[in-house]
Amino acid sequence: MRIAVCDDEKEIREILAEKVMQIYPDAVLLCYSSGEELLLEDSQPDILLLDIQMAGKNGMETAREFRKTHKDTILVFVTALEEYVYQAFDVEAFHYLVKPFDDQRFEEILKNAVNKYEVRKRRGADSLDQAGKSLMIMTGGKHVTVNMEEIVYAEVYDRKIILHTIHEDIEYYGKMKDLQKQAGADFYRPHRAYLVNFNYIRKYDAATIDLERGQALMAKKNYHEFVQCYLRYNQRKRRNDEP
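Residues numbered from 1 in each chain as written. Predicted model: local features only at pLDDT ≥ 70, side-chain atom pairs only at ≥ 80, totals over all residues. Heavy atoms only, no water.

A.B. asks: Describe the side chain of serine 34, and please don't skip the residues or the numbers.
C.D. replies: Checked against the element boundaries, serine 34 lands in the loop between strand S2 (28-32) and helix H2 (35-40). Discounting chain neighbours no more than four positions away, the residues touching serine 34 are Cys6 and Met54. (Helix = DSSP H or I, 4+ residues; strand = E, 2+ residues; numbered from the N terminus. Contact = heavy atoms within 4.5 Å.)

And the structure:
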């Protein structure tokens, strides 16, 4: 288990690190002095304790960028600022721990986070319908494998399908209806030209869906069904995250 601490104050960083090691001495501990340093790290921590009030890129900005490529990390904000608590939902924070706090409260939150991590680990990659699935396509004269869980959305443009993944855009010749069948229940086709991954939706209305990388159109006739499917997806996700 990898637990990371990101705080620009050395004293606080060391205090949190010491608390973590007292509770979980066998954990791999990672420490970062800034959001920029954290974002440069290739490996993904299982649990991240993140301050908000930091020099340079603050914790909330860091969390938004971090979430683009680290969907499964259990995020706990550890901060003296209460006003960001509602924004924490936008980056799927597990908890929002406000300083000052006592050792008992810290231990309780950390153990809850570890418990969630262990539940996910036991259930493995099958926690959601799309997990582990991949798509083989031909693009640029080469066969390329794309992980379904990394597709933010797909759109049809000039007889091609453009896959907007968390890393890049990939074009290939294909049919949206075939992609839709392969994608499964974690995706929805709100418009004939778009297929969206529920996991990357930020907000929506009867006309558009805002995603982490771009925007998709919503056909009004599909809006009611979309809302129902999105609610079922969130219910399924919550069940998989419960201990």
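After presenting the structure, the write-up continues.
A.B. asks: Kindly report on the sheet that holds strand S8 (residues 151-157), identifying the contributing residues and their values.
C.D. replies: Ordered by their spatial adjacency, 5 strands build an open sheet running S10-S9-S8-S12-S11, and the pairing between neighbours is antiparallel. Edge strands, defined here as strands with exactly one partner in the open sheet, are strand S10 (169-172) and strand S11 (187-191). Neighbour-to-neighbour, the strand axes of this sheet turn through a mean angle of 20°, independent of strand direction. Summarising the sheet, S8 and strand S9 (residues 160-165) pair through 6 bridges and their orientation is antiparallel. Across the sheet, residue valine 156 finds its bridge partner in S9, namely isoleucine 161. Relative to the sheet, helix H5 (residues 176-183) contacts S8, S9, S10, S11 and strand S12 (194-197), its axis offset from that of S12 by approximately 20°. (Pairing = 2+ DSSP bridges. Axes fitted to C-alpha atoms, helices over the stretch in contact; angles between N-to-C directions.)

A.B. asks: So what's going on with the sheet that holds strand S3 (residues 47-50)? Residues and values would help.
C.D. replies: Spatially, the 5 strands line up as an open sheet ordered S2-S1-S3-S4-S5, and their pairing is parallel. Lying at the two open borders of the sheet, with one neighbouring strand each, are S2 and strand S5 (95-98). When the angles between neighbouring strand axes are averaged without regard to direction, this sheet yields 20°. In the sheet, strand S1 (residues 2-6) pairs with S2 via 5 bridges, with the strands oriented parallel. Within S2, the residue paired with isoleucine 3 across the bridge is leucine 29. Those strands touched by helix H1 (residues 10-23) are S1, S2, S3 and strand S4 (74-79), and its axis lies near 170° from that of S2. Where helix H3 (residues 59-69) meets the sheet, it contacts S3 and S4, and its direction lies at approximately 175° from that of S4.

A.B. asks: Go over the environment of alanine 113, please, and point to the residues and values.
C.D. replies: When you line up the elements, alanine 113 lands in helix H4 (residues 103-123). Residue alanine 113 is classed as buried on the basis of its relative accessible area of 0%. Expressed as a C-alpha distance, the spacing of alanine 113 and isoleucine 74, which sit 39 residues apart in the sequence, is 6.7 Å. (Buried < 20%, exposed > 50% of the residue type's maximum accessible area, 1.4 Å probe, protein only.)

A.B. asks: Can you explain the packing of aromatic side chains? Please cite residues and give values.
C.D. replies: Using the criterion set out here, one finds 13 aromatic pairs in the structure. Here the aromatic rings of phenylalanine 101 and phenylalanine 106 are separated by 5.8 Å at their centres, their planes lie at 15°, and the arrangement is stacked. Among the residues examined, phenylalanine 106 registers a relative accessible area of 3% and is labelled buried. A ring pair is formed by tyrosine 204 and phenylalanine 226, whose centres lie 5.0 Å apart and whose planes are at 80°; its orientation type is edge-to-face. Within this pair, whereas tyrosine 204 is found in strand S13 (residues 201-204), its partner phenylalanine 226 is found in helix H6 (residues 223-241), the two being separated by 22 residues in sequence. On the basis of relative accessible area, phenylalanine 226 is assigned to the buried category, the value being 0%. (Phe/Tyr/Trp six-rings, centres within 6.5 Å; stacked < 30°, edge-to-face > 60°.)

A.B. asks: Tell me about the environment of isoleucine 109, and please be specific about residues and values.
C.D. replies: Within the element layout of this structure, isoleucine 109 appears in helix H4. For isoleucine 109, a relative accessible area of 3% puts it in the buried group. As a C-alpha pair, isoleucine 109 and tyrosine 96 span 13 residues in sequence and 9.3 Å in three-dimensional space. Not counting residues within four places of it along the chain, the set of residues in contact with isoleucine 109 comprises Val76, Phe94, His95 and Leu97.

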